[in-house]
Amino acid sequence: MKCGWPSCHGCEACDTPPTIFEFENETLPAGWTNGAASLCGYDATHPTLAWTHMLEETPNAYTGPNGGPVNGSGAFWFCNVSAAPEVGEGDVFTLVYDGRECTERGLTIQYVDFFVHMFGANIGTLSLYDGECNEHWSKSGDHGPAWFETRVEVYSNAFFFEYTVANGWESDAALARIGIGCWHGPPSPPSLPPPQPA
């Protein structure tokens, strides 16, 4: 595994494969929190909701996955909007990771790999933030019935996903197979050119 910035300098992360969270059962691994409230000072008038753990297709054929991300198998977490009439526009689902897989080794999170499913006429906005509430990735709207995978660099000690519900019940977004790669520190800024003579 290559660290990708711009060379390793002997860091442990270069020879360490990413940690993959498969979420095979409903009990979250250590460091994860589902439905954490009031992150980064968001609007308290909308409830913060928990994702639902699934091992098979979601209840509605018009939104949500019809199976896991790897040939239709594998566990995933989804926002159960279609079967929850009490969930409304602007409500937020959160999934938080405190970064301990990296920080307990004196490292920081370099990147996050994850599978995403955003199928439905009323899909809202799914975003990834670092522990300092900086947004690093965001998608909105219907992206079709297939899972897709992405990698996002965060360089932070923690991160969280936030899904904001849109107006309508066909809004069951999902996440699966989240992986993290560790790094010995944040990337260094490029060197400044030498000052020009006056």
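Residues numbered from 1 in each chain as written. Predicted model: local features only at pLDDT ≥ 70, side-chain atom pairs only at ≥ 80, totals over all residues. Heavy atoms only, no water.

Caption draft 1: Examining the state of the cysteines more closely. Overall, the coordinates contain one disulfide when judged by the stated rule. Between the sulfur atoms of Cys102 and its disulfide partner Cys182 the distance amounts to 2.0 Å. Judged by the sign of its S-S torsion, about -85°, the cystine formed by Cys102 and Cys182 is left-handed. Here Cys182 lies in strand β12 (residues 174-183) and Cys102 lies in helix α1 (residues 100-103), a separation of 80 residues in the sequence. (Disulfide = S-S within 2.5 Å. Helix = DSSP H or I, 4+ residues; strand = E, 2+ residues; numbered from the N terminus.)

Caption draft 2: View of the nonpolar core. The biggest cluster of nonpolar side chains holds 36 residues, and the ones touching the most others in it are Phe114, Phe159 and Phe161. At the level of elements, β6 (92-97), β7 (108-117), β8 (125-130), β10 (148-156), β11 (159-164) and β12 are the ones that each hand at least two residues to this core. (Core = buried A, V, L, I, M, F, W, Y, C linked by side-chain atoms within 4.5 Å. Buried < 20%, exposed > 50% of the residue type's maximum accessible area, 1.4 Å probe, protein only.)

Caption draft 3: Region of interest: the pattern of salt bridges. Enumeration over the complete set of coordinates arrives at three salt bridges. One salt bridge in this structure joins Arg100 and Asp98, with 2.8 Å as the shortest N-O distance. Across the pair Arg151 and Asp113 runs a salt bridge, and its minimum N-O distance is 2.7 Å. Placement of the pair is Arg151 in strand β10 and Asp113 in strand β7, with a sequence separation of 38 residues. Using a relative accessible area of 10% as the deciding quantity, one classes Asp113 as buried. (Salt bridge = Lys/Arg side-chain N within 4 Å of Asp/Glu carboxyl O.)

Caption draft 4: Structural detail: the pairing of β8. Burial of β8 is extensive: five of the six residues sit out of reach of the surface. Note that β8 and strand β9 (residues 135-140) share five bridges and pair antiparallel. Note that in β9 the partner of Thr125 across the bridge is Ser140. (Pairing = 2+ DSSP bridges.)

Caption draft 5: Quick look at the side chain of Thr58. Along the chain, Thr58 turns up in the loop between β4 (52-54) and β5 (76-78). Classification of Thr58 as buried rests on a relative accessible area of 5%. For Thr58, the side chain forms a polar contact with the main-chain oxygen of Thr63, separated by 3.4 Å. (Polar contact = N/O pair within 3.5 Å; in protein donor to acceptor, adjacent residues only side chain to side chain.)

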